[in-house]
Amino acid sequence: MTVSRDDGGNVTNALTIDVEDYFQVSALASHFPKDVWNSTPCRVERNVERILAILAERGARGTFFTLGWIAERYPALVRRIAAEGHELASHGYAHERASDQSPEAFLADIKLAKVVLEDVASCEVRGYRAPSFSVGLSNPWAHGCIEEAGYAYSSSVYPVKHDHYGVPDAPRFPYAVGARLVEIPITTVRRFGRNWPVGGGGYFRLLPYPVSAWGIRKVNQEDRKPAIFYFHPWEIDPGQPVVREASAKARFRHYVNLAQTEARLQRLLQDFSWGRMDDVFLPAASQSV
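The structure contained in this document is the topic of the report that follows. (Residues numbered from 1 in each chain as written. Predicted model: local features only at pLDDT ≥ 70, side-chain atom pairs only at ≥ 80, totals over all residues. Heavy atoms only, no water.)

Below, the discussion takes up the overall build of the protein. Summing up its helical and strand segments, the protein has ten helices and eleven strands in all. On C-alpha atoms alone, the protein measures out to a radius of gyration of 18 Å, which is about the 19 Å that the 2.2 N^0.38 rule sets for 289 residues. By principal-axis analysis of the C-alpha atoms, the protein measures approximately 50 × 40 × 40 Å. Every one of the 289 residues in the protein was classed for burial, and the buried ones make up 56%. (Helix = DSSP H or I, 4+ residues; strand = E, 2+ residues; numbered from the N terminus. Rg over C-alpha atoms; globule rule 2.2 N^0.38 Å. Buried < 20%, exposed > 50% of the residue type's maximum accessible area, 1.4 Å probe, protein only.)

On to empty space enclosed by the protein. Left-over empty space is what a probe sized like a water molecule reveals as it rolls over the atoms. In total, this model carries one cavity of 30 Å³ or more according to the counting rule given. What the largest cavity holds in volume is close to 40 Å³. Along its surface, the largest cavity is lined by Arg 172, Phe 173, Pro 174, Ile 184, Pro 185, Thr 187, Thr 188, Pro 226, Ile 228 and Phe 281. Split by residue class, the lining of the largest cavity holds seven nonpolar, two polar and one charged. (1 Å grid on protein atoms, 1.4 Å probe; cavity = no way out; pocket = protein on both sides within 12 Å on 5 of 7 lines; lining within 4 Å. Points joined across faces, edges and corners; volume = space filled by probe spheres on them. Nonpolar A, V, L, I, M, F, W, Y, C, P; charged D, E, K, R; others polar.)

We now examine the nonpolar core. With 73 residues, the main nonpolar core has Phe 64, Phe 229, Leu 268 and Trp 274 as its most contacted residues. For this core, the element with the most residues is helix H4 (residues 103-121), which contributes eight residues. Look past the residues within four positions of Phe 64 in its chain and what remains in contact with it is Ile 17, Val 19, Val 48, Ile 51, Leu 52, Leu 55, Ile 81, His 86, Glu 87, Leu 88 and Ala 89. Among the nonpolar cores identified, the runner-up in size contains 16 residues, and Ala 89, Tyr 153, Ile 228 and Tyr 230 belong to it. (Core = buried A, V, L, I, M, F, W, Y, C linked by side-chain atoms within 4.5 Å. Contact = heavy atoms within 4.5 Å.)

Time to look at the packing of aromatic side chains. Under the criterion given, the structure shown has 18 aromatic pairs. Residues Phe 133 and Tyr 230 carry aromatic rings whose centres are separated by 5.0 Å and whose planes lie at 80° to one another, so their mutual orientation is edge-to-face. Of this pair, Phe 133 sits in the loop between strand S4 (127-128) and helix H5 (142-148) while Tyr 230 is found in strand S10 (residues 228-231), placing the two residues 97 residues apart along the sequence. Here Phe 133 and Tyr 230 have matching classes, each one buried. Taking 6.2 Å as the distance between ring centres and 40° as the angle between the ring planes, the aromatic pair formed by Phe 229 and Phe 231 counts as tilted. Judged on exposure class, the residue Phe 229 and its partner Phe 231 are both buried. Ring pairs connect the aromatic residues Phe 204, Tyr 209, Phe 229, Phe 231, Phe 272 and Trp 274, which therefore count as one cluster. For the cation-ring pair, Lys 114 lies above Tyr 151, with the distance from its terminal atom to the ring centre recorded as 5.8 Å. Taking NZ or CZ as reference, Arg 194 lies 4.4 Å from the ring centre of Trp 196, over its face. (Phe/Tyr/Trp six-rings, centres within 6.5 Å; stacked < 30°, edge-to-face > 60°. Lys NZ or Arg CZ within 6 Å of the ring centre and 35° of its normal.)

Scanning the model with the defined rule gives 17 salt bridges in all. Via salt bridges that share partners, Arg 43, Arg 46 and Asp 237 belong to a single interconnected network. (Salt bridge = Lys/Arg side-chain N within 4 Å of Asp/Glu carboxyl O.)

It is worth spelling out the pairing of strand S8 (residues 188-191) at this point. Sheet topology note: the S8/strand S9 (residues 194-197) ladder contains four bridges and is antiparallel. Each bridged residue has a counterpart across the sheet, and for Arg 191 the counterpart in S9 is Arg 194. Hairpin remark: S8 followed by S9, antiparallel, with two residues in the connecting loop; positive phi at Phe 192, about 55°. (Pairing = 2+ DSSP bridges.)

Here strand S2 (residues 63-66) shows no split at all, with Thr 63 and Phe 65 on one side and Phe 64 and Thr 66 on the other all buried. Of the strand pairs in this sheet, strand S1 (residues 12-19) and S2 are connected by four bridges, and their pairing is parallel. Note that in S2 the partner of Asp 18 across the bridge is Phe 65. One ladder, built from four bridges, connects S2 with strand S3 (residues 87-90); its direction is parallel. If you follow Thr 66 over to S3, its bridge partner there is Ser 90.

Next comes the structure, spelled out in structure tokens:
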């Protein structure tokens, strides 16, 4: 697979945002059952607007993997994402882990999300990302459902070892998972016989910024591949409510270094070139299928 490049000769990487609110994350699910979502104050709109402003300032574009639940409640925000040149993609409807659903329920959820997003934004939705990267060895049928739902690519596999997700032996770069579907896994680096995460999320907040920069640069320069970076709107929101009843582990994972994320994101946008998933990967990935 050839890499995309900007005019400066740098590899263009894929910037992705998983659009969900703080109370919809898996780590806090037991404290925010779905029947309280409608009565819980949302912060996603202000956070996504801030992200859009940052990207506009930097002249960068990205892919917004958005919940159907969010699109129904904030249609103007979703239309703005598309209008500003970003790719609108699906994160499912109600942030259900694929591995917690039956094939029938999973297919219904991702079909509904695609319909809602396309109706709201009047654009084609080609990409899907499973909540918590929950496509793996326990649900080998999931990619078939994603293809049947009409998506062109999935970014639902993280080839690392983790207590909640991960397929350590999965390919590190895009690979075919169906006649018309490509899986584009989150970025890792290979060291000491295993894959290490450098694609964003909690690792970006936990580890010093140079670690993430080193990993992305290694993939660009040594592997000669584009990287994928992901984060969530709530990760630039240190003022969000703190669920003190959550376990120490859940609180650490969710709240660590929130106050530093926006500054690190600004640095990331300055240090690397960024684009949409479909622009960075689909032309080359489709050639390998």
